[in-house]
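One letter stands for each residue in the lines below.
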Amino acid sequence: MSASSLPIIQAHGLTKDYGKLRVVDRISFAIDAGECCGVLGPNGAGKTTTMKMLIGATPPTAGELRVLGHTVPRDARAMRARIGVVAQSDNLDPDFTVEENLRVYARYFGLSAAEVRSRIPELLELASLQDKAGAKINQLSGGMKRRLSIARALLNRPELLILDEPTTGLDPQIRQAIWQLLRQLRRDGLTIVLTTHYMDEAERLCGRIILMDGGHILADASPQALIRDRIESHVVEVHGAGGERWLATAPIGPEVRRERAGESWFFYGRNLESLVRSLDEYDDLHYSYRSSNLEDVFLKLTGRDLRDG
Amino acid sequence: MADTVRRWLAVWRRNALAWRKSARTALLAGFAEPLFYLFALGYGLGSFVGQVQGVSYIGFLTAGILSTSAMNAATFEGLYLAYTRMEVLKTWDAILAAPLGIADIVAGEVLWLATKSLISGTLILMVAAGMGLVVDWQALAVLPVVFITGLCFGALALLVTSFARSYDFFVYYITLVITPMILLSGVFFPFSTLPEPVRFGAALLPLQHVVEVIRPLVGGRIELGQLWHLLVPVAYAFGATSFAIWRFRRRLLC
């Protein structure tokens, strides 16, 4: 077997305890070259801890982990020379200009001066920051900082890019721009692993979803397969004051699965036309009838309880 | 080995660039203040005191101020700025996502803190030379001692920082350790005038030993018999660096 056909990441029985609390519980997965894998889950699912173990920022309590063939955390430093990491909150150096940030960071990888000179303009162009080379970090918008963080993670031409919630806290238009950048990197063959709690982000970017909750992997498949296999094809969402009255006479067959979240009812099934027709007589009810999406899968598998923290 | 040093220097150069950007204010704080002490106490108090240990009081005081400034330069950056880099700017997190480890960061930081001491010591030596307080070229031998002083107090400051949960924590170290040490280490008056138990206590701390080595050097005398004193700051530097690495590993890689 050639080295290139080995998985980029191999995790087996990966476990992390903090004191008596088990945050990640014996998870196993493998990620191949060229994949873009989204790690999804509610707060406290163990996503960020898993990412920290991947880059060697925290040692696993048990289990085996190999990234790019390096045993982690033992060979984490050699492994990190070959990956790029984008943290959740930008940790750019505010004292420095955009270009200085890249130049200082390149030194940590031991890149030669000649290499850095040719690499910086390339990366500034990739991140659409050509005009900002001399700007201070606090003169940049949130989206620019994020793009610079991604550019910085690419200095060493990584074989794997790891991003922790790449668009959290950004405006919708800026999120689009970040997605475009990540899609371009993916087209160029870079393997990407990202955490997110935005379903649309996962659905648009990732060919594969690892859904985590309570330290376990609940599902591991493509978004399409998850929607096809793990949830009914359609959903009717109903909310409004007349709900109880309608519900008493509504034609809800035994094959229809129902859930309630606050003021809303959700009805999942294959054939919901009669249900939708019965709603027409109730002017005080609002409803939507649509095909199921990743968010429905997520809520089905992780439950609808609100989690803080 | 060359690769290890390259990683340390990458951290050192990051701090050096940040320092260059604010060098004017940094110099004012690290350089003007000790000179005010030197002038005010040296000439003011010196006019009452006359000679101490065979030299003018201001000449005596120059060695003390030099040692104290070297200590302070490394101490303050190792507390406040290193804490800022670690907790506020998350600079260390960014470095740890690159192929560097905690030991590389601590070693690079300690070398930088010692460099800060060296900058401060050099400037004070230049001014003292300009004032005619230092006349002999042999006084340049002060500079490596100042660097060792910086390694020692830089490492100690990082060790304190490894325990800190906020900036307030540093007040304890400054008030309970640094300030008494300055007063009891022979900076302002000869160490020998202190009562025996106090001398014994102060001799466990590094500053007094630094002053013992620097004072003859400032006067242009190289006293080889005094050099053993350097073992104390060197031991502190190694001990505190190792302990700080262990502490930061537990704190940051969890």
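Residues numbered from 1 in each chain as written. Chains lettered and ligands numbered in written order. Predicted model: local features only at pLDDT ≥ 70, side-chain atom pairs only at ≥ 80, totals over all residues. Heavy atoms only, no water.

Student: Can you explain empty space enclosed by the protein? Please cite residues and give values.
Tutor: Overall, the coordinates contain four cavities of 30 Å³ or more when judged by the stated rule. Taken together, Asn91, Leu92, Asp93, Phe96, Asn101, Val104, Tyr105, Tyr108 and Arg152 of chain A together with Thr91, Ala94 and Ile95 of chain B make up the full set of residues lining the largest cavity. Secondary structure elements with two or more residues in the lining of the largest cavity: helix H3 (98-108) of chain A together with helix H4 (91-96) of chain B. Looking at the lining of the largest cavity element by element, the count peaks at four residues for H3 of chain A. Its residues assigned to classes, the lining of the largest cavity comprises seven nonpolar, three polar and two charged. Of the volumes computed, that of the second largest cavity is approximately 50 Å³. Forming the walls of the second largest cavity are Ile27, Phe29, Ile31, Val39, Thr50, Met51, Leu54, Val193, Ile210 and Met212 of chain A. For the lining of the second largest cavity, the secondary-structure elements that each account for two or more residues are strand E2 (21-31), helix H1 (47-54) and strand E9 (208-213) of chain A. When grouped by side-chain class, the residues that make up the lining of the second largest cavity number nine nonpolar, one polar and no charged. (1 Å grid on protein atoms, 1.4 Å probe; cavity = no way out; pocket = protein on both sides within 12 Å on 5 of 7 lines; lining within 4 Å. Points joined across faces, edges and corners; volume = space filled by probe spheres on them. Helix = DSSP H or I, 4+ residues; strand = E, 2+ residues; numbered from the N terminus. Nonpolar A, V, L, I, M, F, W, Y, C, P; charged D, E, K, R; others polar.)

Student: Explain the packing of helix H5 (residues 102-130) of chain B against helix H6 (residues 142-163) of chain B to me, and be specific about the residues and the numbers.
Tutor: Residues and elements named next belong to chain B. The interhelical angle for the contact between H5 and H6, taken along N-to-C directions, is 135°, at an axis separation of 7 Å. By the criterion of interaxial angle, the relationship of H5 to H6 is oblique. Every pair of crossing elements has a handedness; the one defined by H5 and H6 is right-handed. For the pair H5 and H6, the contacting residues are Val106, Glu109, Val110, Leu111, Leu113, Ala114, Thr115, Ser117, Leu118, Gly121, Thr122 and Leu125 in the first and Leu143, Val146, Phe147, Gly150, Leu151, Gly154, Ala155 and Leu158 in the second. (Axes fitted to C-alpha atoms, helices over the stretch in contact; angles between N-to-C directions. Parallel < 35°, antiparallel > 145°, perpendicular 65-115°, else oblique. Left-handed = near helix turned anticlockwise from the far one by under 90°. Contact = heavy atoms within 4.5 Å.)

Student: Outline the interface of chain A and chain B, supporting the account with residue identities and numerical values.
Tutor: With 24 residues of chain A at the contact, the number on the chain B side is 25 residues. When the two sides are added together, the surface that chain A and chain B hide from each other amounts to roughly 2,100 Å², 57% of it contributed by carbon and sulfur. Of all residues in chain A, Arg77, Arg107 and Tyr108 of chain A give up the largest surface area on contact with chain B, accounting jointly for 34% of the area buried on that side. Counting across the chain A and chain B interface gives three salt bridges. Among the salt bridges present, the one from Lys21 of chain B reaches Glu100 of chain A, with a minimum N-O distance of 2.7 Å. Our enumeration of links across chain A and chain B arrives at 10 residue pairs in polar contact (both at pLDDT 80 or more). Looking at the side of chain A that touches chain B, the elements with two or more residues in it are strand E1 (9-18), helix H2 (76-80) and H3 of chain A. It is H3 of chain A that provides the largest number of residues to the side of chain A that touches chain B, a total of five residues. (Buried area = accessible area lost by both parts, 1.4 Å probe. Salt bridge = Lys/Arg side-chain N within 4 Å of Asp/Glu carboxyl O. Polar contact = N/O pair within 3.5 Å; in protein donor to acceptor, adjacent residues only side chain to side chain.)

Student: Break down the sheet that holds strand E10 (residues 216-221) of chain A for me, citing the residues and quoting the values.
Tutor: Residue and element names in this part refer to chain A. Within the open sheet, the six strands sit side by side as E6-E7-E8-E3-E9-E10. Their pairing is mixed. Of all the strands in the sheet, the pair left with one neighbour each is strand E6 (83-86) and E10. Sheet twist, expressed as the mean angle between neighbouring strand axes with direction ignored, is 15°. Across four bridges, strand E3 (residues 36-40) lies against E9 in parallel orientation. Within E9, the residue paired with Cys37 across the bridge is Arg208. Running at roughly 150° to strand E8 (residues 191-196), H1 makes contact with E3, strand E7 (160-164), E8 and E9 of the sheet. Against the sheet, helix H6 (residues 172-187) makes contact with E3, E7 and E8, and its axis sits at roughly 150° relative to E8, the strand it touches most. (Pairing = 2+ DSSP bridges.)

Student: Residue-level account of the domain arrangement of chain A, with values.
Tutor: Domain boundaries assigned for chain A yield domain 1 (3-223) and domain 2 (232-291). One C-alpha centre belongs to domain 1 of chain A, the other to domain 2 of chain A; they are set 41 Å apart. (Domains from an automatic or database assignment.)

Student: Break down helix H9 (residues 206-218) of chain B for me, with residues and values.
Tutor: Three or four residues apart is the spacing at which side chains of an α-helix point the same way, because the helix has 3.6 residues per turn. Residues and elements named next belong to chain B. With 13 residues, H9 ought to run about 18 Å at 1.5 Å a step, and its terminal C-alpha atoms sit 19 Å apart, in line with that. Burial within H9 is extensive, with 12 of its 13 residues counted as buried. Residues Pro206, Leu207, Gln208, His209, Val210, Val211, Val213, Ile214, Arg215, Pro216, Leu217 and Val218 constitute the buried set of H9. Where H9 is buried, its residues meet helix H3 (57-88), H6, helix H7 (169-183), helix H8 (196-203) and helix H10 (231-252). Phi for Gly220, located one or two positions after H9, is positive at around 85°. (Expected span 1.5 Å × (residues − 1). Buried < 20%, exposed > 50% of the residue type's maximum accessible area, 1.4 Å probe, protein only.)

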